[in-house]
Amino acid sequence: LVYYYSYLYKWFTLRAMGATTTTTTTTTTPAQNTTKKVKFVVFDLDGCLYPIENGYEHACRARVFEFMVSQLGYETIDKAKTIWKREFTKHNQTLKSLRELGHVRFKKETYWEFTRGDCSQHLEPDEQVRECLRKMSKSFPKFVLTNCAETEAKQALERLNILDQFDYVYGADFMGDTCKPSKEAFGKVLRDVKRRMKAMDGVRSDGTDDDVHSVDEDDITEEEEANEGIQEPFDDDEVFMFEDSLKNLVSAKDNFNITGVLIKGKTLAEEDDGSEVSKRFVQIDKPVLSELMEKVPSLFA
């Protein structure tokens with residue numbers, strides 16, 4: 001019995017010594033950076049890069065009704081307004097609405113020149129907006145996407161003194177028979193953005209859109225061309241879109257998971273059918289540093 005207890009004592013002593021000499025190796029995994037890198041940012045024009053309350057949008061709309069009377073034969077301004085409102089609700093763009101009504105003979109250039117008029121009568125440079133755009137990170141490109149024609153959009157951006165802050169301007173000419181907020185319009189633009197970003201190949205230019213931003217169709221592989229019609233949703237906070245139109249942000253979010261920044265104003269008041277929808281998006285009064293540095297700091301990282 002003494003031998004048995006002596007044996008147990010030695011066995012437990014050896015086990016204890018083994019435990020004290022055993023070294024446990026712990027592998028430390030470096031903390032991962034969870035901040036998403038922004039790929040690119042898209043801005044609307046009217047009511048976004050300038051306040052829609054400044055009268056320009058109202059003047060453009062008034063010229064639409066004048067165009068319908070003087071060029072298309074509508075009897076009165078009131079009659080034109082009634083028909084315009086009905087069709088615009090369905091088609092989201094006046095030119096598309098007029099085409100759907102059967103007015104196909106007038107040139108689109110004539111229409112845009114007539115209805116947009118002289119933007120200098122209403123638009124003035126806003127140094128706060130320019131400073132905000134200028135201080136955004138240079139690691140991603142910035143684009144304009146508007147339902148207005150490109151020529152008139154660039155005139156407005158030039159007048160606002162911010163045209164040089166954007167890498168490309170997408171408008172009605174590029175989108176053709178479609179327009180925001182349709183999935184087709186966003187998909188068409190996003191595919192071209194992908195091409196342009198590939199063509200840039202990491203090179204940042206001085207902001208003009210006639211140099212490294214030209215896309216050579218010969219550079220597109222057969223595989224890319226086959227997959228061109230497919231635009232998968234982005235990861236969270238990879239792509240940002242600034243808009244004053246809630247329906248445009250909803251479409252971009254639901255179809256492509258684009259993070260929306262909503263400009264509060266007249267357009268929101270006209271479209272919003274409930275505060276719950278607008279809560280899905282970051283809301284600001286205008287794109288300036290004082291608001292965006294706090295609410296979307298990743299744009300300046």
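Shown above is the structure to which this text applies.
None of the values given here were measured: they were computed from a predicted structure. Throughout, residues of each chain are indexed from 1 in the direction in which the sequence is written. Side-chain atom pairs in this predicted model are given and counted only at pLDDT of 80 or more, local residue features only at pLDDT of at least 70, and totals for whole chains, interfaces and linings cover all residues. Excluded from the side-chain calculations are hydrogens and water; all other atoms, namely the structure's heavy atoms, are used.

## With respect to the nonpolar core
And then number 1: Counting residues in each nonpolar core, the largest one holds 51 residues, and the members touching the most others are F242 and L299.
And then number 2: A run of DSSP states H or I qualifies as a helix once it reaches four residues; a run of E qualifies as a strand once it reaches two. Both are numbered from the N-terminal end. A total of six residues in this core trace back to one element, the largest contributor, which is helix α2 (residues 56-70).
And then number 3: By definition, residues are in contact when any of their heavy atoms lie within 4.5 Å. What F242 contacts, discounting residues up to four positions off in sequence, is V41, V42, F43, D44, C48, M136, V261, I263, I284, P287, L292 and L299.
And then number 4: Here the nonpolar core consists of buried residues drawn from Ala, Val, Leu, Ile, Met, Phe, Trp, Tyr and Cys, with membership extended through side-chain atoms lying within 4.5 Å. Partly exposed describes any residue whose relative accessible area lies between the buried limit of under 20% and the exposed limit of over 50%, with all areas from a 1.4 Å probe on protein chains only and scaled to the type maximum. Counting 24 residues, the second largest nonpolar core, distinct from the first, contains A185, F186, V189 and L246.

## Considering helix α5 (residues 108-116)
And then number 1: When α5 is considered as a whole, its buried residues turn out to be Y111, W112, T115 and R116. Buried residues of α5 fall within an arc of 100° about the axis and therefore sit on the same side. Summarising the geometry, the arc corresponds to the directions from the helix axis toward the C-beta atoms.

## Brief notes about the layout of surface pockets
And then number 1: When its volume is computed, the largest pocket comes out at roughly 870 Å³.
And then number 2: Lining of the largest pocket is provided by 33 residues; of these, E57, R61, W84, F88 and N92 occupy positions nearest its centre.
And then number 3: Elements with a minimum of two residues in the lining of the largest pocket: α2, α3 (77-91), α5, α11 (246-256) and α12 (266-271).
And then number 4: Among the elements that take part in the lining of the largest pocket, α2 stands out by supplying five residues, more than any other.
And then number 5: Of the residues assigned to the lining of the largest pocket, the class counts are eleven nonpolar, ten polar and twelve charged. Only protein atoms enter the 1 Å grid used here. Points where a 1.4 Å probe fits but cannot escape make up a cavity, open sets with protein on both sides within 12 Å along at least five of seven lines make up a pocket, and a residue lines them when an atom lies within 4 Å of a point. Grid points are joined across faces, edges and corners, and a volume is the space filled by probe spheres set on the points. The classification used treats Ala, Val, Leu, Ile, Met, Phe, Trp, Tyr, Cys and Pro as nonpolar, Asp, Glu, Lys and Arg as charged, and all other residues, Gly among them, as polar.

## Thoughts on empty space enclosed by the protein
And then number 1: What the rule picks out here adds up to one cavity of 30 Å³ or more.
And then number 2: Roughly 30 Å³ of internal volume is contained in the largest cavity.
And then number 3: Lining the largest cavity we find F40, V42, L145, F186, V189, L190, V193 and M241.
And then number 4: Within the residue set of the lining of the largest cavity, elements represented by two or more residues are β1 (40-43) and α9 (183-200).
And then number 5: Top contributing element to the lining of the largest cavity by residue count: α9, with four residues.
And then number 6: Residues belonging to the lining of the largest cavity are distributed by class as follows: eight nonpolar, no polar and no charged.

## Section: the pairing of strand β2 (residues 142-145)
And then number 1: Neither face of β2 is left uncovered, since the one carrying K142 and V144 and the one carrying F143 and L145 both have all their residues buried.
And then number 2: Here β1 runs beside β2; their pairing, made up of three bridges, is parallel. Following the sheet pairing, V42 is matched in β2 by F143.
And then number 3: As paired strands, β2 and strand β3 (residues 168-170) are joined by three bridges and run parallel to one another. Note on β3: the bridge partner recorded for V144 is V169.
And then number 4: Handedness of the β-α-β unit built from β2, helix α7 (residues 150-159) and β3 comes out right-handed. The pairing criterion for strands is at least two bridges between them, as found by DSSP. Convention used here: a crossover is right-handed provided that the path from the first strand, over the helix, to the second strand proceeds clockwise when the strands point away from the viewer.

## Some points on the pairing of strand β4 (residues 239-243)
Each regular strand displays side chains that alternate between the two surfaces of the sheet.
And then number 1: For β4, a buried count of five out of five residues is recorded, marking the element as mostly surrounded by other parts of the structure.
And then number 2: Side chains V239, M241 and E243 of β4 all project onto a buried face; the interleaved residues F240 and F242 project onto the opposite face, where all are buried too.
And then number 3: Where β1 lies against β4, four bridges are found, and the strand directions are parallel. Each residue of the ladder has a partner; that of F43, found in β4, is F242.
And then number 4: Bridge count for β4 against strand β5 (residues 259-263) is four bridges, and the pairing is parallel.

## Observations regarding the packing of α9 against α11
Think of two packed helices as two axes; the pair is described by the angle between the axes and how far apart they sit.
And then number 1: Two numbers describe how α9 lies on α11: the axes approach to 10 Å, and their chain directions differ by 65°. Classified by the interaxial angle, the pair formed by α9 and α11 is roughly perpendicular. The way α9 lies across α11 gives a crossing that is right-handed. In this structure, α9 contributes K183, F186, G187 and L190 to the contact, and α11 contributes N248, S251, A252, N255 and F256.
And then number 2: The class makeup of the residues in the contact of α9 with α11 is four nonpolar, four polar and one charged. Note on method: axes are straight lines fitted to C-alpha atoms, helices fitted across the in-contact stretch only, with angles between N-to-C directions ranging 0 to 180 degrees. Any angle between 65 and 115 degrees counts as roughly perpendicular, while under 35 counts as roughly parallel, over 145 as roughly antiparallel, and the rest as oblique. For a crossing to be left-handed, the near helix must be turned anticlockwise from the far one by less than a right angle; the clockwise case is right-handed.

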